Amino acid sequence: MFKEFFKNVIKPKENFGGRFMVKGMNVGHEKLASWGRSFLNIEKDHNILDLGCGGGRNIEYFLTKSNKVYGMDYSKTSVEIARKLNREAIKRGRCKIIEGDVSSLPFEDNSFDIVTAFETIYFWKELEKTFKEIHRVLKKRGQFLICNEGAYRDHKNIKKWADMLEFEVYDPDYLKGLLEEIGFSCEYHFDNKEHIAFISIKK
Ligand SMILES: C[S@@+](CC[C@H](N)C(=O)[O-])C[C@H]1O[C@@H](n2cnc3c(N)ncnc32)[C@H](O)[C@@H]1O
């Protein structure tokens, strides 16, 4: 039952546990996300896309900085809660939240200035294909931020979860190499808790 509940981090279910998890992540991830967001240069006219958006807290923040923000998630529950949180901006046409898998992005080439992924790439089944999609939809010099609590699989905060829920924690140099092969320049940064933020720029 414990494991079943925590599986909601991978794809929140359409039940009480799923909704509880999504709302909890909006609060519990905020400190990490706020550190990660500090690596972005955001301007009012930037188009922003948050992938694996969960309950939409990052979308809510981005809407205070930019006029147009999109979100995407393959969990109906995440999409429903993110839409509710950002309903005013959706009504005004400043925000759109789409249900779907990030490996296939329903957007035109060169349409975003910023793409972000908070606490989600561990679960992406088609990592390389998805990075290529992100590269495609970003404008030249566009920014791609990955922000994760776990930098290494053996990190004390993440190992027990990665073992129990069987997800991937990619080695930072592997990720950097993959992003560079695809056509990004990439740097990664740690905070004092070994959280990691990758900031990649489309060349
Ligand atoms: C741990 S939650 C993080 C949510 C949010 N980014 C945050 O930081 O609070 C992971 C989210 O990524 C979504 N997700 C995982 N893999 C996905 C995929 N392949 N396509 C779309 N969404 C995905 C899950 O449904 C879930 O809402």
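Treat the numbers as computed from the prediction; the structure is a model and nothing was measured.

1. Brief notes about the overall build of the protein
Okay, step 1: Looking only at helices and strands, one finds nine helices and seven strands in the protein.
Okay, step 2: Taken against the 2.2 N^0.38 rule, which gives 17 Å for 203 residues, the C-alpha radius of gyration of the protein at 16 Å falls within 12% of a compact globule.
Okay, step 3: With the C-alpha coordinates of the protein rotated into their principal frame, the extents come out at 45 × 40 × 30 Å.
Okay, step 4: When the 203 residues of the protein are sorted by exposure, 52% land in the buried category.
Okay, step 5: Counted over contacts in the protein with a minimum sequence separation of 6, partners at least 24 positions apart contribute 66%.
Okay, step 6: Carbon and sulfur atoms provide 51% of the accessible area of the protein, an area that totals close to 10,200 Å².

2. Digging into the packing of aromatic side chains
Okay, step 1: Evaluation of the coordinates by the stated rule reveals 20 aromatic pairs.
Okay, step 2: Ring geometry for Y122 and F123: centres 5.5 Å apart, planes at 65 degrees, overall edge-to-face.
Okay, step 3: Relative accessible area serves as the criterion here: at 4%, Y122 is assigned to the buried category.
Okay, step 4: K11 extends its terminal NZ or CZ atom over the ring of Y74, reaching a point 4.5 Å from the ring centre.

3. Concerning a positive patch on the surface
Okay, step 1: A surface patch of like charges, here positive, comprises R19, K23, K84 and R87.
Okay, step 2: Secondary-structure assignment places K84 in helix α5 (residues 76-85).

4. Remarks on the environment of M164
Okay, step 1: Its location among the elements puts M164 in helix α8 (residues 159-165).
Okay, step 2: Each C-alpha atom, one on M164 and one on V9, is 12 Å from the other, the two residues being 155 residues apart in sequence.
Okay, step 3: Contact partners of M164, with chain neighbours within four places excluded, come to F2, K3 and F6.

5. Observations concerning helix α7 (residues 127-137)
Okay, step 1: When α7 is considered as a whole, its buried residues turn out to be L127, T130, F131, E133, I134, H135 and V137.
Okay, step 2: Each element contacted by the buried residues of α7 is listed here: β1 (47-51), β4 (112-118), β5 (138-148), α9 (172-182), β6 (184-190) and β7 (196-202).

6. Things to note about the pattern of salt bridges
Okay, step 1: For the coordinates displayed, the defined rule picks out 14 salt bridges.
Okay, step 2: Overlapping salt bridges bring together E30, R37, R57 and E60 as one network.

7. Some words on the nonpolar core
Okay, step 1: One finds L51, F107, V115, W124, F131, I134 and F144 to be the most contacted residues of the largest nonpolar core, which totals 30 residues.
Okay, step 2: Not counting chain neighbours up to four residues away, the residues in contact with W124 comprise L51, V102, A117, T130, F131, I134 and Y170.
Okay, step 3: Counting residues in hydrophobic clusters, the runner-up holds 21 residues, among them A33, V69, A82 and A89.

8. Quick word on the environment of F190
Okay, step 1: Following the sequence through the fold, F190 ends up in strand β6.
Okay, step 2: Along the primary structure F190 and E149 are separated by 41 residues, whereas in three dimensions their C-alpha atoms are 9.8 Å apart.
Okay, step 3: When residues no more than four places from it in sequence are discounted, the contact partners of F190 are W35, A151, Y152, H195 and I196.

9. What to know about unusual backbone geometry
Okay, step 1: A positive phi is found at E166, a non-glycine position, where the angle reads about 55 degrees.
Okay, step 2: Note that E166 resides in the loop between α8 and α9.
Okay, step 3: The phi torsion at E194 lies on the positive side, around 65 degrees, for a residue other than glycine.
Okay, step 4: Locating E194 in the fold gives a position in the loop between β6 and β7.

10. Overview of the site of the ligand
Okay, step 1: Around the ligand there are 21 residues in total, and H29, G52, D73, F118 and T120 lie nearest to it.
Okay, step 2: Interatomic distance of 3.3 Å between a side-chain N/O atom of D101 and a nitrogen atom of the ligand.
Okay, step 3: Between the ligand and T120 there is a distance of 2.9 Å, counted from an oxygen atom to a side-chain nitrogen or oxygen.
Okay, step 4: Taken by itself the ligand offers 600 Å² of open surface, and the protein chains cover 98% of this.
Okay, step 5: Considered class by class, the residues forming the shell around the ligand number 10 nonpolar, seven polar and four charged.

Calculation rules
- Residues numbered from 1 in each chain as written.
- Predicted model: local features only at pLDDT ≥ 70, side-chain atom pairs only at ≥ 80, totals over all residues.
- Heavy atoms only, no water.
- Helix = DSSP H or I, 4+ residues; strand = E, 2+ residues; numbered from the N terminus.
- Rg over C-alpha atoms; globule rule 2.2 N^0.38 Å.
- Buried < 20%, exposed > 50% of the residue type's maximum accessible area, 1.4 Å probe, protein only.
- Contact = heavy atoms within 4.5 Å.
- Areas by Shrake-Rupley, 256 points an atom, 1.4 Å probe, with all protein chains shown as cover.
- Phe/Tyr/Trp six-rings, centres within 6.5 Å; stacked < 30°, edge-to-face > 60°.
- Lys NZ or Arg CZ within 6 Å of the ring centre and 35° of its normal.
- Patch = residues over 30% accessible without salt bridge, like charges linked within 9 Å, V, L, I, M, F, W, Y side chains within 5 Å.
- Salt bridge = Lys/Arg side-chain N within 4 Å of Asp/Glu carboxyl O.
- Lys, Arg positive; Asp, Glu negative; His and termini not counted.
- Charge placed at Lys NZ, Arg CZ, Asp CG, Glu CD.
- Core = buried A, V, L, I, M, F, W, Y, C linked by side-chain atoms within 4.5 Å.
- Near = heavy atom within 4 Å.
- Polar contact = N/O pair within 3.5 Å; in protein donor to acceptor, adjacent residues only side chain to side chain.
- Nonpolar A, V, L, I, M, F, W, Y, C, P; charged D, E, K, R; others polar.

Geometric values such as these leave the question of function open.
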